[in-house]
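Each chain, letter by letter, is given below.
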Amino acid sequence: MSATSSETIHRNHFYILVLSTIAAIAGLLFGFDTGVISGALQFIVDTFHIIAPTATLAPTYSVFGLFGVNGTTIQEVIVSAVPAGALIGAILSSFLSNAFGRRGGIITTAVLFIIGTLFAATAINTDMLIIGRLIMGFAVGLSATIAPMYLSEVSPPDIRGMVVFLFQMAITVGILSAFIVNFLFHINGNWRAMFLVGLAPSVLLFVGMLFLPESPRWLVLKGKHEKAHHALHKLRGHEAVSGEVAEIKESIRNAKGNFRMLFSKRLRPLVFITFGLFVFQQFTGINTIFYYAPTLFKAAGFEGSTSQILALVSTGAINVFATIFGVWFIDRLGRRKLLYVGLVGIILCQLIMGAAYHQLLGTNIRWLTLFSSLALIVFFAFSMGGIPYIMMSELFPLNMRAGGMAVASCANWGFNILVSATFLTIVDVFGFGNAYWLYAFLTFLGLVFAISLIPETKNRTLEHIEKNLYAGKKPRDLGN
Ligand code: BGC
């Protein structure tokens, strides 16, 4: 390779990284909006007098009061409005990203983030707060599907894994920022300010996206070849993009997509793989740690505020740092190796956590529980954290990508809600120890699933993967 062409490549890798950082702000908002409620809730309870768990709320604060809904339920609705909104967003993401484009879709979600945040932060009653949180959730669900799609479609194959992994990295930074914001505003109990912090990245996302090119693959899909040419030129930094445009054109010769095709014999396995990856991502129990860390550490023997601070700083920070490994290694070691190592590590940690809570490894379980849950986060962060997003954005053929990703994302949110909503009940009935052993068993199934089905897509163009699919290769061989 000549010096100039390698220089062009480096310059453009830099451009792609700047572009991904902007688009990945959507991930930051995902992490922030799901994380911020844990610190805000107790102050919201004070403001709207959601006092005794069984007392009903005054109708001035909520229409739920008219139906005699009690305080605990109202709190659950406030918390779960984001994941519920996200589930709806995931379902509708394919219409938005097909109709308005990937860039257009992300710009729309930025506007929704702004509206939802303003609604929630200025809420005069719990109904307004719930509506605001639903809108935020809707934006989270849309962007968690459309942003990885955009990132994957604009990237050159040699750094595509890394670029999509940056989205996961942004989620982790968002979660950590939420914990820090909770901690800072905790002193004066200002939950409105906690929400309002989310406004800055939303505006940045909106403005930043205005300057970025549309996905050339979507442009070709819509027959806008001239514009696709321009977008690719900007993305690759050189004029010689006709070959790539031709390859994309060639790939969409395969029939116009309609939703039913997703369940055809050819595409069904892809739906199964990507949906399954998100199911197993949630079955690791990762969110039982993020959502209930203070409870977990308290049960292991850490006292009140110490456990809160430990949870806050250590889980959030380690998640960010370990994700950097993933970003760095995904295109060097490949998807499969990271996935296998990560899953085996997660299973070991779950087994140790279970044994610790059963007091099989001694009675002083504080440090063991803390270290095993932090280690679980590490193994998760470089594997099951980012890889489901990468796989869903790589495997589907262009004409079915938006629909396929929407279905896979439903598993993300549906099983997020399922696992986090059932965790405390499972613990009540079976205990902490058995809960983590159950997750270990489910994650073991995830390992078998990964070994038998996940292809290695490192360094392959999306069109190459698509060609293999139409040549009738098995799912596991799609990257060969
Ligand atoms: C998952 C989230 C999780 C986060 C933790 C994401 O990949 O989808 O449910 O909270 O990782 O970093």
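Residues numbered from 1 in each chain as written. Predicted model: local features only at pLDDT ≥ 70, side-chain atom pairs only at ≥ 80, totals over all residues. Heavy atoms only, no water.

A. The packing of helix α17 (residues 335-357) against helix α20 (residues 401-453), seen in detail. The interhelical angle for the contact between α17 and α20, taken along N-to-C directions, is 165°, at an axis separation of 8 Å. Relative to α20, the element α17 is oriented roughly antiparallel. Crossing of α17 over α20 shows left-handed handedness. Residues L339, Y340, L343, V344, I346, I347, Q350, L351, M353, G354, A355 and Y357 of α17 lie in contact with α20, whose contacting residues are F432, G433, Y436, W437, Y439, A440, T443, F444, G446, L447, A450 and I451. A breakdown of the residues in the contact of α17 with α20 according to their chemical character gives 19 nonpolar, five polar and no charged. (Axes fitted to C-alpha atoms, helices over the stretch in contact; angles between N-to-C directions. Helix = DSSP H or I, 4+ residues; strand = E, 2+ residues; numbered from the N terminus. Parallel < 35°, antiparallel > 145°, perpendicular 65-115°, else oblique. Left-handed = near helix turned anticlockwise from the far one by under 90°. Contact = heavy atoms within 4.5 Å. Nonpolar A, V, L, I, M, F, W, Y, C, P; charged D, E, K, R; others polar.)

B. Fine view of the side chain of R102. Among the structural elements, R102 can be located in helix α6 (residues 101-121). Apart from the residues lying within four places of it in its own chain, the contact partners of R102 are S97, I146, M149, Y150, E153, E214, S215, W218, L398 and A402.

C. Summary view of the packing of aromatic side chains. In the structure shown here, the tally under the stated rule is 22 aromatic pairs. Both rings, one in F275 and one in F415, keep their centres 6.3 Å apart while their planes meet at 90°; by these two values the pair is edge-to-face. Linking F275 in helix α14 (residues 268-283) with F415 in helix α20, this pair joins segments that are 140 residues apart in sequence. Exposure remark for F415: the relative accessible area of 21% places this residue in the partly exposed category. Feature note: the residues F272, F275, F280, F283, F415 and F449 constitute an aromatic cluster, connected by ring pairs. The ring of W328 has R332 sitting right over it, with the charged end atom 3.7 Å from the ring centre. Taking NZ or CZ as reference, R366 lies 5.2 Å from the ring centre of F302, over its face. (Phe/Tyr/Trp six-rings, centres within 6.5 Å; stacked < 30°, edge-to-face > 60°. Buried < 20%, exposed > 50% of the residue type's maximum accessible area, 1.4 Å probe, protein only. Lys NZ or Arg CZ within 6 Å of the ring centre and 35° of its normal.)

D. Region of interest: a nonpolar patch on the surface. A grouping of V344, L348, L351, I352, L360, L361 and W437 is seen on the molecular surface, where their side chains present a nonpolar patch of about 620 Å² in accessible area. Ranked by the residues each element gives to the nonpolar patch, the list is headed by α17, at four residues. Along the polypeptide, L361 turns up in the loop between α17 and α18 (366-381). (Patch = residues over 30% accessible without salt bridge, like charges linked within 9 Å, V, L, I, M, F, W, Y side chains within 5 Å. Areas by Shrake-Rupley, 256 points an atom, 1.4 Å probe, with all protein chains shown as cover. Salt bridge = Lys/Arg side-chain N within 4 Å of Asp/Glu carboxyl O.)

E. Local environment of the nonpolar core. Core analysis: the largest hydrophobic core is formed by 115 residues, its most contacted members being Y150, F167, L205 and F423. When neighbours within four sequence positions are excluded, F167 is seen to be in contact with A24, A26, G27, F30, S143, A144, A147, P148, L151 and Y389. Among the nonpolar cores identified, the runner-up in size contains 26 residues, and I37, I44, L129 and I130 belong to it. (Core = buried A, V, L, I, M, F, W, Y, C linked by side-chain atoms within 4.5 Å.)

F. Quick look at the layout of surface pockets. By volume, the largest pocket amounts to about 1400 Å³. Residue contributions to the lining of the largest pocket peak at eight residues, all from helix α16 (residues 304-333). Considered class by class, the residues forming the lining of the largest pocket number 20 nonpolar, 19 polar and four charged. (1 Å grid on protein atoms, 1.4 Å probe; cavity = no way out; pocket = protein on both sides within 12 Å on 5 of 7 lines; lining within 4 Å. Points joined across faces, edges and corners; volume = space filled by probe spheres on them.)

G. Quick peek at unusual backbone geometry. Although it is not a glycine, H49 adopts a positive phi angle of roughly 55°. Within the element layout of this structure, H49 appears in the loop between α3 (37-47) and α4 (63-66).

H. Structural detail: the pattern of salt bridges. Tallied over the entire structure, the rule returns six salt bridges. A salt bridge links E463 to R217, with the nearest nitrogen and oxygen atoms 2.8 Å apart. Here E463 is found in helix α21 (residues 462-470), whereas its partner R217 is found in helix α11 (residues 216-221), with 246 residues between them in sequence. In this structure R217 comes out as buried when scored by relative accessible area, which is 3%. Here D331 makes a salt bridge to R335, at a shortest N to O gap of 3.0 Å. Across the pair, exposure class does not vary: D331 and R335 are buried alike.

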